[in-house]
Amino acid sequence: MRLLRYEWGKLARLPAFWGVLALCLAFNCLLIGSGDRWRWEWNEAAALTGGLGQRVDTDFLDGLRQQPQSEHRDYLLSAAEGMTDIYVDYDLKSLSGFYNGYVKSSPTAAALMERKYDRLAERIAHLSETGAAMDWYGGPASHNVHQFLYGALMRAILTEGAVLGMLSMLFLLGYENQQRTAAGVYASRTGRKLCHWKVLAGGIWALAIYLLLAAVTLVMFLVFWDWSDIWSGSVSSQFNYVIDMFVRRPFFTWADFTAGSYLVSVVGLGGLLTVVFALLAAVCGTLVQNIYLSALALTLLLCGGAAAQALCAQVGLWMGYALLTFQPVSVWLYVNGWFTELGLNAFVPWQETVGTGLSLTICGLGTALALRRFGRKDVST
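A few points on the structure. Owing to the predicted nature of the structure, the values given are computational and were not obtained by experimental measurement.

**Notes on unusual backbone geometry**
Positioned with a positive phi, F339 is a non-glycine residue whose angle comes to about 70 degrees. Counting through the fold element by element, F339 comes out in the loop between α15 (328-333) and α16 (351-376). Classification of F339 as buried rests on a relative accessible area of 4%. Even without glycine at this site, L342 takes up a positive phi of about 65 degrees. Looking at the element boundaries, L342 is found in the loop between α15 and α16.

Dropping the structure here:
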């Protein structure tokens, strides 16, 4: 524990780190302010429907009708009265056929896609049985606000946490070389084991910084946005949907998520993904002791993976594309659709969870092997 505190102290005494963290929080404040065009509609709808519950039934409609007459109340009432269970007779075949049409040149990829939508048919039947489509969530503003919260704000938080986590890990692993103390510290077997503590300290630090960013940013968000009566609503409400490749589809989820449980799950999975990025940095920082070269190698690894995925899609190598959708960068990119079927960006149910778990395992093993190699190689300065 003493060594962990020593390594954390190096980061805590780094003024540049806290300056970047402050800039990240300032940027998040500006990002929250950029959503004002939806905030008034969301808050006014919350004020009108507060206390009515989330299930749009006779009591909900009667309660809404009793609200003072206004243009916005009439708009919400019209939307509520027009709600139907969209999952009862949802045409999944056309959606499945649309995405299968892209990957049909690869039999394996097409089989995976078809199997995913077979599983989704069971989920749609369940959503119909539970009446999830009849939950209000946030009403007509649900789509815009959901995409703003997860597609903009949570993506920013995850990006900031990952970048700060990777830079922190590289700083710790390159610290001895930067201070020209590597020859003395790593000359003994005990000194070599210091890198194990550096990796552990860097991983915990990355997770802590991400959670700090998430907590502060989301608290600021909730100060200005009224979610008090929203948490129990299903995110699979008919007002929530995804637009992908000009195709609009409902927000299908692989489990029953309320607005509250969905937010907690996204933040939790984001924490694991942040650790994955930190471990990737640990592999590069351990194998390449020069902090600048290791940062370059890490950048090439992340950008190269994203470029390879795009290239596979361009040339029609759909099985290669399918495999690359499991990489951390791809999982990060589609944070606004986590725990849904993700269209062409996923080939198995729960892909973001599976991808993060696989990446965590692979990066953990890679870090262990890199540390083992470092423990056996000659000291170089």
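Here the narrative resumes, following the displayed structure.
**Some details on the pattern of salt bridges**
For the structure on display, the rule yields ten salt bridges. Between K10 and E7 there is a salt bridge, with its nearest N and O atoms 3.2 Å apart. In this pair, K10 and E7 both sit in helix α1 (residues 2-12), three residues apart, roughly one turn of the helix. Assigned by exposure class, K10 and E7 land together as buried. Among the ionic pairs, E341 bridges to R249, the shortest N-O distance being 2.2 Å. One end of the pair, E341, is in the loop between α15 and α16; the other, R249, is in strand β2 (residues 247-250), with 92 residues separating them in the sequence. Across this residue pair, the class does not change: E341 and R249 are buried. Among the charged side chains, a salt-bridge network with shared partners connects E7, K10 and K198.

**Structural notes on the side chain of R249**
Classification of R249 by relative accessible area gives buried; the value is 3%. Of the polar contacts made by the side chain of R249, one reaches the side chain of Y99; its length is 2.8 Å. Engagement of the side chain of R249 in a polar contact is seen with the side chain of D244, the distance being 3.4 Å. If near-sequence neighbours (up to four positions away) are discounted, R249 is found in contact with Y90, L95, Y99, Y241, V242, D244, E341, L342 and G343.

**Some remarks on the packing of aromatic side chains**
In total, this model carries 29 aromatic pairs according to the counting rule given. Their ring planes at 70 degrees and their centres at 5.5 Å tell us that F98 and Y102 sit as a pair that is edge-to-face. In this pair, F98 and Y102 both sit in helix α6 (residues 92-103), four residues apart, roughly one turn of the helix. On the basis of relative accessibility, which here comes to 36%, the residue Y102 falls in the partly exposed class. An aromatic cluster is built from W38, W42, Y137, F148, F221, W225, W227 and W231, whose rings are joined through pairwise contacts. Lying over the aromatic face of W38, R37 brings its terminal NZ or CZ to 4.0 Å of the ring centre. Sitting over the ring of Y241, R248 keeps its end group 3.6 Å from the ring centre.

Conventions we followed
Residues numbered from 1 in each chain as written. Predicted model: local features only at pLDDT ≥ 70, side-chain atom pairs only at ≥ 80, totals over all residues. Heavy atoms only, no water. Helix = DSSP H or I, 4+ residues; strand = E, 2+ residues; numbered from the N terminus. Buried < 20%, exposed > 50% of the residue type's maximum accessible area, 1.4 Å probe, protein only. Salt bridge = Lys/Arg side-chain N within 4 Å of Asp/Glu carboxyl O. Polar contact = N/O pair within 3.5 Å; in protein donor to acceptor, adjacent residues only side chain to side chain. Contact = heavy atoms within 4.5 Å. Phe/Tyr/Trp six-rings, centres within 6.5 Å; stacked < 30°, edge-to-face > 60°. Lys NZ or Arg CZ within 6 Å of the ring centre and 35° of its normal.

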